[in-house]
Structures are given as C-alpha cells and as structure tokens.
Amino acid sequence: MDNQFIFQYSWDILPKKWVHKMKRSEHGNRFYTNTDNLFPLLCFLKWHTYTRVQVLIDICGVDYPSRKRRFEVVYNLLSTRYNARIRVQTSADEVTRISSVVSLFPSAGWWEREVWDMFGLSFINHPDLRRILTDYGFEGHPLRKDFPLSGYVEVRYDDPEKRVVSEPIEMTQEFRYFDFASPWEQRSDG
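Described below are features of the structure shown in this document. (Residues numbered from 1 in each chain as written. Predicted model: local features only at pLDDT ≥ 70, side-chain atom pairs only at ≥ 80, totals over all residues. Heavy atoms only, no water.)

### Brief notes about the overall build of the protein
- Scanning the protein from N- to C-terminus turns up three helices and nine strands.
- Put simply, of all contacts in the protein between residues at least 6 apart along the chain, 45% involve residues at least 24 apart.
- Split by element, the accessible area of the protein, about 12,500 Å² in all, is 52% carbon and sulfur. (Helix = DSSP H or I, 4+ residues; strand = E, 2+ residues; numbered from the N terminus. Contact = heavy atoms within 4.5 Å. Areas by Shrake-Rupley, 256 points an atom, 1.4 Å probe, with all protein chains shown as cover.)

### Notes on unusual backbone geometry
- Unlike most non-glycine residues, Asn 83 shows phi in positive territory, near 50 degrees.
- Its place among the elements puts Asn 83 in the loop between strand E4 (71-79) and strand E5 (84-92).
- Positive phi outside glycine occurs at Lys 162, with the angle close to 55 degrees.
- Take Lys 162: it is sitting in the loop between strand E8 (153-158) and strand E9 (163-168).
- Judged by its relative accessible area of 55%, Lys 162 is exposed. (Buried < 20%, exposed > 50% of the residue type's maximum accessible area, 1.4 Å probe, protein only.)

### Overview of the side chain of Asp 93
- Its location among the elements puts Asp 93 in the loop between E5 and strand E6 (97-99).
- The charged side chain of Asp 93 is buried without a salt bridge, its nearest counter-charge being Arg 69 at 4.7 Å.
- Within the local environment of Asp 93, its side chain forms a polar contact with the side chain of Thr 96, the two groups lying 2.4 Å apart.
- In this structure Asp 93 touches Lys 68, Arg 69, Arg 70, Phe 71 and Leu 121, once residues within four positions along its chain are discounted. (Lys, Arg positive; Asp, Glu negative; His and termini not counted. Salt bridge = Lys/Arg side-chain N within 4 Å of Asp/Glu carboxyl O. Polar contact = N/O pair within 3.5 Å; in protein donor to acceptor, adjacent residues only side chain to side chain.)

### Considering the sheet that holds E5
- Spatially, five strands are ordered E1-E2-E5-E4-E3 in an open sheet, and the strand pairing comes out mixed. Looking at strand neighbours, the two that pair on one side only are strand E1 (21-23) and strand E3 (55-63), the edges of this open sheet. Here the strands of the sheet are splayed against their neighbours by 20 degrees on average, with no regard to which way each runs.
- Relative to strand E2 (residues 29-33), E1 runs antiparallel, the two being bridged by three bridges. Residue pairing in the sheet places Lys 21 in a bridge with Tyr 32 of E2.
- The strands that helix H2 (residues 38-47) touches are E2, E4 and E5; relative to E5, the one it contacts most, it runs at about 175 degrees.
- Against the sheet, helix H3 (residues 108-119) touches E3 and E4, its axis set at about 5 degrees to E3. (Pairing = 2+ DSSP bridges. Axes fitted to C-alpha atoms, helices over the stretch in contact; angles between N-to-C directions.)

So, in structure tokens, the structure goes:
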C-alpha cells in the first residue's frame, strides 16, 4: 500500500464532519479539521487497520495575526507499517482549548508543552501543562507575532549582588529611520 492509497482510503471512510478539507502533495498529505474533531480523527488514524499511524513526529504552532482564528496547530504523523506521512492541521484562537493527545501519543506531552510555552495555546486534559523552554517567571509567549523582538525584561548576572537579576528593558536609543542610499555614490540633485 502506498501513501496515496492510505490517504484516499481515509478520506473515503472518515465521517465528513471530522475533516473539512484535504490536500495531497508530494511533500505529504494534509487533513484539515476543527478542534472539536481533532481527537477522534487522530484516534481513527492511529487504530484503523489501513492507517496505523503509530508515531507522532511533532506538533508545531504557527501564528497568523490577521486571521480570526490566528493560530494553526500542525500534527505531523508517521505510519511505519505503511511508510506513510500524514499532517493534521487545526485552527484556534487565544481562548480555544485543544484536546490533548497525550493518551494516544505519550510523546505529545513535550510538544504540547512547547506549543503552550511559545504560543499560549491551552490543551485540555494535559497531565503537566507548564513552561518548558522559558523560565517560570517569564511573561508572554515569544513566538507570537505581537511579542516584541527585544522582549519585556532583560536577564543578566549582577556581579556585586552575585546573582541573576531581571530588569525591564531599557532602550539605549530611539527608533530611527535609515536612509539606505549609499554614501559612496554621488548624487546628482539637478
């Protein structure tokens, strides 16, 4: 069985309310679903005889601030039995809670914690949803597009106090607009 057969078979047999769009490509096959049907869809893909997706490769988050449901969560799956890759994508906003898939794929615990830490997306029934890449006192979610590039606080080692201190960011200069004209080229102003 090849990847296209598994994908087409899944599309034909799945309840249509679970998947609202599918896309085939040479880089992988995609199912688009909503957050309410994510868990049943992943259960089907894991336990059905002709899919047997046993490996959750990773979970990624993407931020599209111009969209109403600005976050997209992408589950990259692998069927080692059939050598097939499937990508399941869902959209969410800041307040939508997504079903945790730790009970299906234990490795999802780390990936869901990363998505929570970097984007602020919450997962229902996650056994240990806490920060994984940033410090516990960190404010905000750094991979959101509206997070400032310089952050909110500066962490540095203070030698006189012999400890690490956090201080609000001090900008040393005002924002400037740059003239990108080359200073080596001569201008002819008329």
